[in-house]
Amino acid sequence: MGYETLNVDVSNHVATIRLDRPEALNALNSKLLGELAKAMKSSQENEKVRCIILTGSEKAFAAGADIREMHEKSFVEVFMGDLFGPEVEAMLRVRKPIIAAVSGYALGGGCELAMMCDFIIAADNAKFGQPEVNLGVVAGIGGTQRLTRAVGKAKSMDMHLTGRFMDAEEAERAGLVSRVVPAKKLMDEAMAAATRIAEKSMITVTAIKEAVNRSQEVGLSEGLLFEKRLFHALFATEDQSEGMAAFIEKREPQFRDR
Ligand code: HXC
């Protein structure tokens with residue numbers, strides 16, 4: 001399927017979705033967000049795809065929602081039109097793992113989009129920020145909630161209230177990103193991680209994503225119960241028998257998603 005604002009490539013069971021509006025540093029306009037929602041849905045539905053990478057350009061993952069497109073909108077338009085609501089829901093409906101490979105700016109909605117992914121691998125030139133305060137608004141697709149859960153209240157308040165940017169090193173220290181790699185190696189590292197995930201049982205991977213995401217929603221005892229039930233349930237799968245047998249027989253497991 002052809003997109004105007006994205007490039008999508010599927011290889012080795014990995015869909016790589018690249019945001020591609022270089023003239024606006026991948027600012028998220030309605031066209032791009034609509035296409036992203038479609039690309040995510042079709043990656044979820046494509047049986048060849050076992051993991052997704054979301055990335056941008058070397059200079060910008062995404063410099064935020066498109067300010068030119070937003071600036072003349074009224075409250076009634078954005079409220080009644082549920083600005084960004086359906087696109088965010090489409091992202092969150094994806095059950096396959098999504099890795100954000102972030103190089104350059106991930107600001108505002110760009111930072112929020114990266115945080116909607118399951119984990120972030122950052123290039124050493126990455127810069128994260130929630131500068132909406134400078135525009136007279138607040139983050140709108142999860143920034144105040146997800147950044148706070150990721151880095152704690154002090155840093156989140158600092159980022160949102162001052163609008164300052166966080167570099168890759170600070171982001172890793174604060175727990176926003178899982179690893180930092182040289183910019184030139186970003187896609188190789190992301191692809192290596194995605195390929196590794198793609199080799200696992202999709203049943204297990206899906207359960208892990210659900211369980212970890214659950215930890216962001218519920219209290220500890222509910223989360224622990226959810227995890228224990230999933231752990232027990234996976235004993236009903238062939239992939240559990242195969243994974244454990246392969247360990248004992250000192251060979252690589254052959255998972256079949258059963
Ligand atoms: C529209 C944008 C844009 C944006 C950059 N551009 N960010 N257009 N919306 N968010 C455009 C510029 O207007 C410019 O177009 C071109 O991209 C290159 O940007 P420059 O500013 O010339 O580049 P540079 O000097 O390198 O500065 C990079 C930058 C800066 C620091 C990232 O562009 C910047 O501050 N951008 C805005 C960041 C921001 O405030 N993001 C939050 C948006 S609000 P021309 O045509 O002039 O060449 C938001 C709300 C989220 O995200 C709520 C839910 C989604």
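Our subject is the structure that appears above.
Here the residue numbering is sequential within each chain, running from 1 through the sequence in written order. Local features in a predicted model are, by the rule used here, given only for residues with pLDDT of at least 70; side-chain atom pairs are given and counted only at 80 or more, and totals for whole chains, interfaces and linings are based on all residues. To obtain the side-chain values, all non-hydrogen atoms of the structure were included, while hydrogens and water were left out.

## Considering the overall build of the protein chain
Rules: In this description a helix means any DSSP run of H or I spanning at least four residues, a strand means any run of E spanning at least two, and both kinds are numbered starting from the N terminus. With C-alpha atoms as the basis for the radius of gyration, the globule rule is written as 2.2 Å multiplied by the number of residues raised to the power 0.38. Only protein chains enter the accessibility calculation, which uses a 1.4 Å probe; a residue is then buried when its area is under 20% of its type maximum, exposed when over 50%, and partly exposed in between. Note on definitions: a residue-residue contact is assigned when non-hydrogen atoms from the two residues lie within 4.5 Å.
A count of helices and strands for the protein chain gives 12 helices and 10 strands. Relative to a compact globule of 258 residues, whose C-alpha radius of gyration would be 18 Å, the protein chain shows 19 Å and is just as compact. Overall, the C-alpha framework of the protein chain stretches about 60 × 45 × 40 Å when taken along its three principal axes. Evaluated residue by residue, the protein chain yields a buried proportion of 43% over its 258 residues. Here the contacts in the protein chain between residues at least 6 apart in sequence split such that 66% fall between residues at least 24 apart.

## What to know about the sheet that holds strand E6 (residues 105–107)
The condition is simple: Here, a strand pair is defined by DSSP locating no fewer than two bridges between the strands. Note on geometry: axes are lines fitted to C-alpha atoms, helical ones only across the stretch in contact, with angles between N-to-C directions running from 0 to 180 degrees.
Strand order in the open sheet formed by four strands is E4-E6-E8-E9, with mixed pairing between adjacent strands. Only two strands of the sheet have a single neighbouring strand rather than two, namely strand E4 (60–62) and strand E9 (165–167). Sheet twist, expressed as the average angle between the axes of neighbouring strands with direction ignored, equals 20°. Across three bridges, strand E8 (residues 127–129) lies against E9 in antiparallel orientation. Within E9, the residue paired with Phe 128 across the bridge is Met 166.

## Overview of the packing of helix H1 (residues 30–45) against helix H4 (residues 85–92)
The condition is simple: Roughly parallel means an angle under 35 degrees; roughly antiparallel, over 145; roughly perpendicular, 65 to 115; everything else is oblique. Left-handed describes a crossing whose near helix is turned anticlockwise from the far helix by less than a right angle; the clockwise case is right-handed.
Between H1 and H4, whose axes approach to 9 Å, the crossing angle comes to 25°. With respect to H4, the axis of H1 lies roughly parallel. Read as a crossing pair, H1 and H4 show a hand that is left-handed. Taken together, the residues of H4 that come into contact with H1 (itself represented by Leu 33, Gly 34, Leu 36, Ala 37 and Met 40) are Glu 87, Ala 90 and Met 91.

## Some points on the site of the ligand
Quick note on the threshold: By convention in this text, a residue qualifies as near a molecule or strand provided that one of its non-hydrogen atoms is within 4 Å of it. Counting of polar contacts relies on pairs of N or O atoms within 3.5 Å, with two restrictions inside protein: one atom must be capable of donating a hydrogen and the other of accepting it, and residues adjacent in sequence are counted only when both atoms are side-chain atoms. Each residue gets one of three labels, nonpolar for Ala, Val, Leu, Ile, Met, Phe, Trp, Tyr, Cys and Pro, charged for Asp, Glu, Lys and Arg, and polar for the others, Gly among them.
Taken together, 23 residues lie near the ligand, and Lys 59, Ala 65, Ile 67, Arg 68 and Gly 109 sit nearest. Here Ala 63 contributes a backbone N or O atom positioned 2.9 Å from a nitrogen atom of the ligand. Within the contact set of the ligand, an oxygen atom lies 2.8 Å away from a backbone nitrogen or oxygen of Gly 109. Secondary structure elements with two or more residues in the shell around the ligand: helix H2 (67–70), E6 and helix H5 (109–116). Its residues placed into classes, the shell around the ligand shows 13 nonpolar, four polar and six charged.

## Quick notes on the pairing of strand E3 (residues 51–55)
Walk down a regular strand and you will see the side chains alternate between the two sheet faces. Quick note on the threshold: Handedness rule for crossovers: strands pointing away from the viewer, path from the first strand over the helix to the second running clockwise, crossover right-handed.
Counting buried positions along E3 yields five of five residues, so the element is predominantly enclosed. Pairing of strand E2 (residues 14–19) with E3 involves five bridges; the strand directions are parallel. Among the inter-strand pairings, Ala 15 is bridged to a residue of E3, identified as Ile 52. Once the chain exits E2 it traverses H1 before rejoining the sheet at E3, and the crossover so formed is right-handed. Bridge analysis of E3 against strand E5 (residues 98–102) gives four bridges, and the strand direction is parallel. Its bridge partner lying in E5, Leu 54 is registered against Ala 100.

## Overview of unusual backbone geometry
A positive phi is found at His 13, a non-glycine position, where the angle reads about 65°. Relative to the helices and strands, His 13 resides in the loop between strand E1 (6–11) and E2. The phi dihedral of Phe 84 falls on the positive side, at around 75°, and the residue is not glycine. Judged by relative accessible area, which is 16%, Phe 84 ranks as buried.

## Observations regarding the environment of Arg 214
Structurally, Arg 214 can be placed in helix H10 (residues 202–214). Here the alpha-carbon distance between Arg 214 and Leu 224, two residues 10 residues apart in the chain, equals 9.5 Å.

## A look at the layout of surface pockets
Any space left empty among the atoms is revealed by the rolling of a water-sized probe across them. How we decide: Cavity: a set of points on a 1 Å grid over the protein atoms alone where a 1.4 Å probe fits but cannot get out. Pocket: an open set with protein on both sides within 12 Å along at least five of seven lines, its lining residues, like those of a cavity, having an atom within 4 Å of a point. Grid points are joined across faces, edges and corners, and a volume is the space filled by probe spheres set on the points.
For the second largest pocket, the calculated volume is near 610 Å³. In terms of lining, the second largest pocket is formed by 25 residues, of which the most central are Met 70, Phe 84, Glu 132, Val 137 and Val 138. When its residues are assigned to classes, the lining of the second largest pocket shows 16 nonpolar, six polar and three charged.

## Focus on the sheet that holds E3
Sheet architecture is open: six strands sit in the order E1-E2-E3-E5-E7-E10, paired in mixed fashion. Only two strands of the sheet have a single partner each, and these edge strands are E1 and strand E10 (179–181). Taken pair by pair, the neighbouring strands of this sheet meet at an average axis angle of 20°, ignoring direction. When E1 meets E2, the two strands line up antiparallel, connected through six bridges. Bridged to Ser 11 within E2 is Val 14.

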